[in-house]
Amino acid sequence: MEELGRLSDVEQAAAGCGFMGGVLTHPAARGRGLARAVSGFVLDDLVARHGRAALMVLTGNAPAVAAYERLGMAKRLFGAAQIPPPR
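All figures in this text were calculated on a predicted structure; none of them were measured in a lab.

Peer 1: Hey, could you run me through helix 2 (residues 62-70) in this one?
Peer 2: For an α-helix, 3.6 residues make a turn, and residues three or four places apart therefore share a direction. Every buried residue belonging to helix 2 is among Ala 64, Val 65, Ala 67 and Tyr 68, and all of these are buried. The arc that holds the buried residues of helix 2, viewed along the axis, is 160 degrees, so those residues lie on one side. Seen from the open side of helix 2, the exposed residues pointing more than 90 degrees away from its buried face are Pro 63 and Arg 70. Of the surrounding elements, those touching the buried residues of helix 2 are strand 2 (17-25), helix 1 (34-50) and strand 3 (53-55). A positive phi of about 95 degrees marks Gly 72, the residue just after helix 2.

Below you can see the structure in the form of structure tokens.
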């Protein structure tokens, strides 16, 4: 069976909030609503188990942002730090 996508991480990030991450769709399978369907199922389960759900997405990933907004997710911008590799 051809792999169409992947959801790599589902866990409780903090008390009362489930976290979903690593949602990937194979380029040939994009535009079919697969990520939205799987993400919707997982987010519903996380909310049922933890009360709320969260995820992180790059702001420049417009298709993913649109899919999550269609699922009812709201944007909460935050900053992240990166430690550069040693030279």
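Moving on, there is more to tell.
Peer 1: Is there a simple way to explain the pattern of salt bridges in this structure?
Peer 2: If the charged atoms of two oppositely charged side chains come close together, the side chains can form a pair. The final tally for this structure, using the stated rule, is two salt bridges. Arg 49 is paired through a salt bridge with Asp 45; the nearest N and O atoms lie 2.8 Å apart. With Arg 49 and Asp 45 both in helix 1 and four residues apart, the pair spans about one turn of that helix. The exposure class of Arg 49 is exposed, given its relative accessible area of 52%.

Peer 1: How should I be thinking about the nonpolar core in this particular structure?
Peer 2: One recurring pattern in soluble globular proteins: nonpolar side chains tend to sit buried together. Membership of the largest hydrophobic core is limited to eight residues, which are Met 20, Val 42, Leu 43, Leu 46, Ala 53, Leu 55, Ala 64 and Tyr 68. Only helix 1, strand 3 and helix 2 provide two or more residues apiece to this core. Leaving out residues up to four positions away in the same chain, Ala 53 has contacts with Cys 17, Gly 18, Leu 43, Leu 46, Val 47 and Met 73.

Peer 1: What exactly am I supposed to notice about helix 1 here?
Peer 2: For helix 1, spanning 17 residues, the distance from its first C-alpha to its last is 24 Å, which sits close to the expected 24 Å at 1.5 Å a residue. Buried within helix 1 we find Ser 39, Gly 40, Val 42, Leu 43, Leu 46 and His 50. Positioned one or two residues after helix 1, Gly 51 has a phi angle of 95 degrees, which is positive.

Peer 1: Explain the environment of Gly 72 to me, please; I cannot follow it from the model alone.
Peer 2: Looking at the secondary structure, you find Gly 72 in the segment after helix 2. Distance in space between the C-alpha atoms of Gly 72 and Gly 40 is 9.3 Å, their sequence separation being 32 residues.

Peer 1: Before we go on, may I ask you to explain the pairing of strand 2 in this structure?
Peer 2: Consecutive side chains along a regular strand alternate between the two faces of the sheet. In terms of strand pairing, strand 2 meets strand 3 through three bridges, oriented parallel. Along strand 3, the bridge assignment pairs Phe 19 with Ala 54. Handedness of the β-α-β unit built from strand 2, helix 1 and strand 3 comes out right-handed.

Rules of the game
- Residues numbered from 1 in each chain as written.
- Predicted model: local features only at pLDDT ≥ 70, side-chain atom pairs only at ≥ 80, totals over all residues.
- Heavy atoms only, no water.
- Buried < 20%, exposed > 50% of the residue type's maximum accessible area, 1.4 Å probe, protein only.
- Helix = DSSP H or I, 4+ residues; strand = E, 2+ residues; numbered from the N terminus.
- Arc of directions from axis to C-beta.
- Contact = heavy atoms within 4.5 Å.
- Salt bridge = Lys/Arg side-chain N within 4 Å of Asp/Glu carboxyl O.
- Core = buried A, V, L, I, M, F, W, Y, C linked by side-chain atoms within 4.5 Å.
- Expected span 1.5 Å × (residues − 1).
- Pairing = 2+ DSSP bridges.
- Right-handed = clockwise from strand over helix to strand, strands pointing away.

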